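So you can see what is in the structure, the chains are spelled out below.
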Amino acid sequence: MSEPPQPGPHRDGRRSRRRPRSGTEPVTARSDIWLRTLLSSIGVPFFAAATALFAWWAAVSDSHSTPSDRLLTVLAAVCGALTLGAAVDLLVLKRRRRQEREERGRP
């Protein structure tokens, strides 16, 4: 049985920090940047609004209300984490687009 390909040097001579490929996916496989940008652009304001709503609802509710203030606080924290994740994804996509433009020779 053949061994999986080992990571080779980058175009500029540096060694890759990525793990060796273990599957049969194409070498140039990438996710759909347009779709990720769309989903993250929708996700940031949606989850930010949900975070604010759940945080406000938790602040005005007492411990005997339904849903409990603890549950609302957890929901606010989860929505906040999703907001942060979508925002970081937008930054990563922006950096990737900039790198691709530089590789093609455009400023």
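Whatever comes next refers back to the structure up there.
Residues numbered from 1 in each chain as written. Predicted model: local features only at pLDDT ≥ 70, side-chain atom pairs only at ≥ 80, totals over all residues. Heavy atoms only, no water.

Asks: Account for the overall build of the protein, with residues named and values stated.
Replies: Within the protein, the regular secondary structure consists of two helices and zero strands. Contacts in the protein between residues at least 24 apart in sequence constitute 56% of all its contacts with a sequence separation of at least 6. Per element, the accessible surface of the protein, about 8,900 Å² overall, is 61% carbon and sulfur. (Helix = DSSP H or I, 4+ residues; strand = E, 2+ residues; numbered from the N terminus. Contact = heavy atoms within 4.5 Å. Areas by Shrake-Rupley, 256 points an atom, 1.4 Å probe, with all protein chains shown as cover.)

Asks: Go over the environment of Ala52 with me, naming the residues and quoting the values.
Replies: By the secondary structure assignment, Ala52 is in helix α1 (residues 33-60). Spatially, the C-alpha atom of Ala52 lies 8.7 Å from that of Gly80, the residues being 28 residues apart in sequence.

Asks: Tell me about the side chain of Arg96, and please be specific about residues and values.
Replies: As for its placement among the helices and strands, Arg96 is situated in helix α2 (residues 69-104). The side chain of Arg96 is buried and forms no salt bridge, while Glu100, the nearest opposite charge, is found at 5.1 Å. Once residues lying within four places of it in the same chain are set aside, the contact partners of Arg96 are Arg30, Ser31, Ile33 and Arg36. (Buried < 20%, exposed > 50% of the residue type's maximum accessible area, 1.4 Å probe, protein only. Lys, Arg positive; Asp, Glu negative; His and termini not counted. Salt bridge = Lys/Arg side-chain N within 4 Å of Asp/Glu carboxyl O.)

Asks: Explain the environment of Leu72 to me, using residue names and the numbers behind them.
Replies: Counting through the fold element by element, Leu72 comes out in helix α2. Residue classification places Leu72 among the buried residues on the basis of a relative accessible area of 0%. In the structure, Leu72 is positioned 21 residues away from Thr51 in sequence and 9.5 Å away in space, judged by C-alpha atoms. Excluding residues that lie within four positions of it along the chain, Leu72 makes contacts with Phe54, Trp57, Ala58, Ser61 and Pro67.

Asks: Provide a residue-level description of a positive patch on the surface, including the pertinent values.
Replies: A surface patch of like charges, here positive, comprises Lys94, Arg95, Arg97, Arg98, Arg101 and Arg104. You can see Arg101 is positioned in helix α2. When its relative accessible area of 34% is taken as the criterion, Arg101 is described as partly exposed. (Patch = residues over 30% accessible without salt bridge, like charges linked within 9 Å, V, L, I, M, F, W, Y side chains within 5 Å. Charge placed at Lys NZ, Arg CZ, Asp CG, Glu CD.)

Asks: Can you tell me about a nonpolar patch on the surface, naming the residues and giving the values?
Replies: Judged by side-chain polarity, Trp34, Leu35, Leu38, Leu39 and Ile42 come together as a nonpolar surface patch covering roughly 530 Å² of accessible area. Residue placement: Leu39 occurs in helix α1.

Asks: Provide a residue-level description of unusual backbone geometry, including the pertinent values.
Replies: Look at the link from Thr66 to Pro67: it is a cis peptide, with omega at -5°. When you line up the elements, Pro67 lands in the loop between α1 and α2.

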